[in-house]
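Observations on chain architecture
The residues making up each chain are set out below.
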Amino acid sequence: MNAFEHTAWSHGPVDLSGRTVLVLGATGGVGEGVTRTLLEAGATVLATSRSAERLADLADRLPGFVPVVLDALDSELDAVVQRLRAQHGPLDGAIVSVASWGGQGRKPLLSLTDTEWAALTAANQTAVFRAYRALVPVLKRDGLLLQLNGMSADIPFPGSAGVALTAAATKSMTRTLAAELALSGPRVYEVVLGVIRTRARQLAGIDDPGWIPAEAVGVHIAELLAGTSPLTSAVLQYFVNVDAGPQPTSPTS
Ligand SMILES: NC(=O)c1ccc[n+]([C@@H]2O[C@H](COP(=O)([O-])OP(=O)(O)OC[C@H]3O[C@@H](n4cnc5c(N)ncnc54)[C@H](OP(=O)(O)O)[C@@H]3O)[C@@H](O)[C@H]2O)c1
């Protein structure tokens, strides 16, 4: 049974053969599930990591993607993306699924050092900005740019201020970009997620059937790519309840 059949709210399998989608952060807990579903749907997936080793590890359990070593904070980012454009043509989609908890651990906001603050904002905010600036020019006009984000964009997250405030900032950035590109394309989406059942969590023995399988996030993205999702014209979306599926309004509103 594939991810579409597992997902109660799915509108049925979609065929993405002939479509090329880049997943920035494919080695992450969410990115891996998204990559799996997009491959199942027949897309050509350009799966990125900063590490060739992590991509090789991912390929051992998930063959079929095109590995791309890329760092959104590196000066070579634009050149790497332009090479992808030359090799694969304009992209049908780019999924931005990056995150960094930083090395500081959980600590109160006012305990962050200048160095920790700079690292957190670079990793979680500047990286997203630089990725958008590099990726938008290589997307088709009717293509899709989608950021996966967390509920910390909307609610307090004591002990993890750097993650929460950059989540809020990138949510704002994505919505502004969507407004700026509304007439020209590509389509821009901000999808705020609840807790995800990731492989890393399951390996650590942390799991809950009430959480959202990472592959179900891929089902929603595949439906947005195919245009079969009823949320195709909603920039801001929330996917926090596994049974209800993606919604156009926040559960906290
Ligand atoms: N996990 C959850 O339960 C959950 C819940 C709600 C929302 N989300 C959201 O989902 C998104 C992904 O989260 P996750 O849990 O999958 O994170 P994760 O497991 O920590 O993965 C983060 C990914 O980001 C990539 N990355 C980090 N810095 C990068 C950079 N400078 N350039 C390129 N790639 C970079 C990493 O690639 P390499 O390290 O391989 O280079 C990795 O693939 C985040 O926006 C998060 O807020 C997650």
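By the naming in an unreviewed UniProt entry, the protein chain is SDR family oxidoreductase, taken from Nocardioides vastitatis.

The next subject is the overall build of the protein chain. Helices and strands together make up the secondary structure of the protein chain, namely eight helices and nine strands. Taken over the C-alpha trace, the protein chain has a radius of gyration of 17 Å; the compact-globule value for 253 residues is 18 Å, and the two agree within 12%. Structurally, the protein chain occupies a C-alpha span of about 50 × 40 × 40 Å along its principal axes. The burial tally for the protein chain puts 49% of its 253 residues in the buried class. On the protein chain, roughly 11600 Å² of surface is accessible, and the fraction owed to carbon and sulfur atoms is 54%. Across the protein chain, the centroid of the 19 positively charged side chains sits 4 Å from that of the 23 negatively charged ones.

It is possible for side chains of opposite charge to pair when their charged atoms get near one another. According to the stated counting rule, one finds eight salt bridges in the structure shown. Of the charged contacts, one joins glutamate 116 and lysine 107 as a salt bridge, the two residues approaching to 2.9 Å between their closest N and O atoms. A cluster of three or more residues bridged by salt bridges with shared partners is formed by Glu32, Arg36, Asp57, Arg61 and Glu215.

If you trace the seven strands from one edge of the open sheet to the other, you get β3-β2-β1-β4-β5-β6-β9, paired in parallel fashion. Strand pairing shows two members of the sheet lacking a second neighbour, β3 (66-69) and β9 (236-239), which therefore form its edges. Adjacent strand axes in the sheet meet at a mean angle of 20 degrees when their direction is disregarded. In terms of strand pairing, strand β2 (residues 44-49) meets β3 through four bridges, oriented parallel. The partner of leucine 46 across the bridge, within β3, is valine 66. Here helix α2 (residues 29-40) sits on the sheet and contacts β1 (20-24), β2, β5 (139-150) and β6 (187-193); the angle it forms with β1, its principal contact strand, is near 170 degrees.

Criteria and thresholds
- Residues numbered from 1 in each chain as written.
- Predicted model: local features only at pLDDT ≥ 70, side-chain atom pairs only at ≥ 80, totals over all residues.
- Heavy atoms only, no water.
- Helix = DSSP H or I, 4+ residues; strand = E, 2+ residues; numbered from the N terminus.
- Rg over C-alpha atoms; globule rule 2.2 N^0.38 Å.
- Buried < 20%, exposed > 50% of the residue type's maximum accessible area, 1.4 Å probe, protein only.
- Areas by Shrake-Rupley, 256 points an atom, 1.4 Å probe, with all protein chains shown as cover.
- Lys, Arg positive; Asp, Glu negative; His and termini not counted.
- Charge placed at Lys NZ, Arg CZ, Asp CG, Glu CD.
- Salt bridge = Lys/Arg side-chain N within 4 Å of Asp/Glu carboxyl O.
- Pairing = 2+ DSSP bridges.
- Axes fitted to C-alpha atoms, helices over the stretch in contact; angles between N-to-C directions.
- Contact = heavy atoms within 4.5 Å.

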